[in-house]
Amino acid sequence: MRFYIVIPAHNEAAFIGQSLKSLCKQSLKPAKLVVVDDQSSDETAQVVKDYAQKHPLISLVSTTSSEAHLPGSKVIKAFNHGLKHLDENYDIICKFDADLIFPENYLETISRHFEADPKTGMAGGFCHIKKDGAWRLENLTGKDHIRGALKAYRKACFNDIGGLKPSMGWDTVDELLAQFHGWEIKTDASLAVKHLRPTGFTYNKAAKWKQGEAFYKLRYGWIITAIASVKLALKKGNAALALDYLEGYKRAKASKMPFLVGKKEGAFIRRLRYKKMLSKIF
């Protein structure tokens, strides 16, 4: 299968070389890899240029977005900018972060999952972080969810969901919309990807209400939002975050922020969420 990869990067000079090295060593090589330098003030661009000289599959483009490192909008705007520089002659499009080290069989294994089941619309492994000298599964990881750091989409699925939304919650809405359109999500626990920084490490303080806004934009409603807020806050080890998420939802509702999904899609999403909750209880 023909893989195209887009990597948004903002001040990733310390990490992106390791990511590019691991992708260039894949047993199944990507056809094209675009790095989007988003207003970096370090040597990110030079590191990428050095790799591009040795590996023609790599290219570098630049964009300028907000300097604020808010979750969702900045990274997807950069991804979409990179996507514009690619043709459509691909089978799988990937959005990868710049601080990952992939096992050498990553793309080959992902390819086999897509080939094995034509209903598989998205596939991915799991992020691991280094803790106490060992690589351990990142605590935000769910067994049926692909982290935003390492998304891979079948072309038809990517088109069905309308691409990626430049908003907090994009890496949840993509999976929900994929299921709305009849696609399945495939995760592979054997694919352990080294995540060199914990998720959210560089987010600024303005991000604290964004999660609640995302719940609102997904049309969760108050009940699902409350449950999801508490669950996520506990996963992050800070129960007080649930109040920030609920405040974000309240503010989004009061200001009538635009939704990321339509009414029919929202109803499907709520049914799906309630079904998942009930399955864990019973």
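Residues numbered from 1 in each chain as written. Predicted model: local features only at pLDDT ≥ 70, side-chain atom pairs only at ≥ 80, totals over all residues. Heavy atoms only, no water.

**Observations regarding the overall build of the chain**
Right, so step 1: Of the regular secondary structure elements, the chain holds ten helices and nine strands.
Right, so step 2: Relative to the globule expectation of 19 Å for 282 residues, the C-alpha radius of gyration of the chain, 18 Å, shows essentially globular dimensions.
Right, so step 3: Taking the principal axes of its C-alpha atoms as reference, the chain extends roughly 55 × 40 × 40 Å.
Right, so step 4: A total of 282 residues make up the chain; the buried ones form 49% of that total.
Right, so step 5: Contacts spanning at least 24 positions in sequence make up 78% of the contacts within the chain whose residues lie at least 6 apart.
Right, so step 6: Computing the positive centroid from 45 side-chain charges and the negative centroid from 29, the chain places the two 6 Å apart. (Helix = DSSP H or I, 4+ residues; strand = E, 2+ residues; numbered from the N terminus. Rg over C-alpha atoms; globule rule 2.2 N^0.38 Å. Buried < 20%, exposed > 50% of the residue type's maximum accessible area, 1.4 Å probe, protein only. Contact = heavy atoms within 4.5 Å. Lys, Arg positive; Asp, Glu negative; His and termini not counted. Charge placed at Lys NZ, Arg CZ, Asp CG, Glu CD.)

**A closer look at the packing of helix H1 (residues 16-24) against helix H2 (residues 44-54)**
Right, so step 1: Interaxial distance between H1 and H2 falls to 9 Å at its minimum, and their mutual angle equals 20 degrees. Taken together, H1 and H2 sit at an angle that is classed as roughly parallel. Both H1 and H2 take part in a crossing whose hand is right-handed. Between H1 and H2, the contacting residues are Ile-16, Gly-17, Leu-20 and Lys-21 on the first element and Val-47, Val-48 and Tyr-51 on the second.
Right, so step 2: When the residues that make up the contact of H1 with H2 are grouped by side-chain class, the tally is five nonpolar, one polar and one charged. (Axes fitted to C-alpha atoms, helices over the stretch in contact; angles between N-to-C directions. Parallel < 35°, antiparallel > 145°, perpendicular 65-115°, else oblique. Left-handed = near helix turned anticlockwise from the far one by under 90°. Nonpolar A, V, L, I, M, F, W, Y, C, P; charged D, E, K, R; others polar.)

**Regarding the packing of aromatic side chains**
Right, so step 1: Counting across every chain of the model gives eleven aromatic pairs.
Right, so step 2: With a centroid separation of 6.3 Å and 65 degrees between ring planes, the pair formed by Phe-79 and Phe-158 is classed as edge-to-face. Of the two residues, Phe-79 sits in helix H3 (residues 73-83) while Phe-158 sits in helix H5 (residues 155-160), which places them 79 residues apart along the sequence.
Right, so step 3: Each residue in the set Tyr-216, Trp-222, Tyr-249 and Phe-259 is aromatic and connected to the rest through ring pairs, giving one cluster.
Right, so step 4: The ring of Phe-259 has Arg-219 sitting right over it, with the charged end atom 3.7 Å from the ring centre.
Right, so step 5: The ring of Trp-209 carries the charged tip of Arg-251 above its face, separated from the ring centre by 3.8 Å. (Phe/Tyr/Trp six-rings, centres within 6.5 Å; stacked < 30°, edge-to-face > 60°. Lys NZ or Arg CZ within 6 Å of the ring centre and 35° of its normal.)

**Here we look at helix H7 (residues 210-217)**
Right, so step 1: Among the eight residues that make up H7, seven are buried, leaving the element largely enclosed by the rest of the structure.
Right, so step 2: Three or more residues of H7 are buried, namely Gln-211, Gly-212, Glu-213, Ala-214, Phe-215, Tyr-216 and Lys-217.
Right, so step 3: Immediately beyond the C-terminal end of H7, within one or two residues, lies Arg-219, with a positive phi of roughly 65 degrees.

**Some words on the pattern of salt bridges**
Right, so step 1: Counted by the stated rule, this structure contains 13 salt bridges.
Right, so step 2: Salt-bridge contacts for Asp-144 lead to Lys-276; the nearest nitrogen and oxygen are separated by 3.1 Å. Here Asp-144 is found in the loop between strand E7 (134-137) and strand E8 (150-154), whereas its partner Lys-276 is found in helix H10 (residues 263-281), with 132 residues between them in sequence.
Right, so step 3: Taking relative accessible area as the criterion, Asp-144 reaches 39% and is therefore assigned partly exposed.
Right, so step 4: For Lys-276, a relative accessible area of 26% gives the class partly exposed.
Right, so step 5: The shortest N-O distance in the salt bridge between Glu-213 and Lys-210 comes to 3.5 Å. You can see Glu-213 and its partner Lys-210 sitting in helix H7, three residues apart, about one turn around the helix. (Salt bridge = Lys/Arg side-chain N within 4 Å of Asp/Glu carboxyl O.)

**A word on helix H6 (residues 170-180)**
Right, so step 1: The buried fraction of H6 amounts to nine of the eleven residues, a majority that puts the element mostly inside the structure.
Right, so step 2: Considered for burial, the residues of H6 that qualify are Trp-170, Asp-171, Thr-172, Val-173, Asp-174, Glu-175, Leu-176, Leu-177 and Ala-178.
Right, so step 3: Looking one or two residues beyond H6, the residue adopting positive phi is Gly-182, at roughly 90 degrees.

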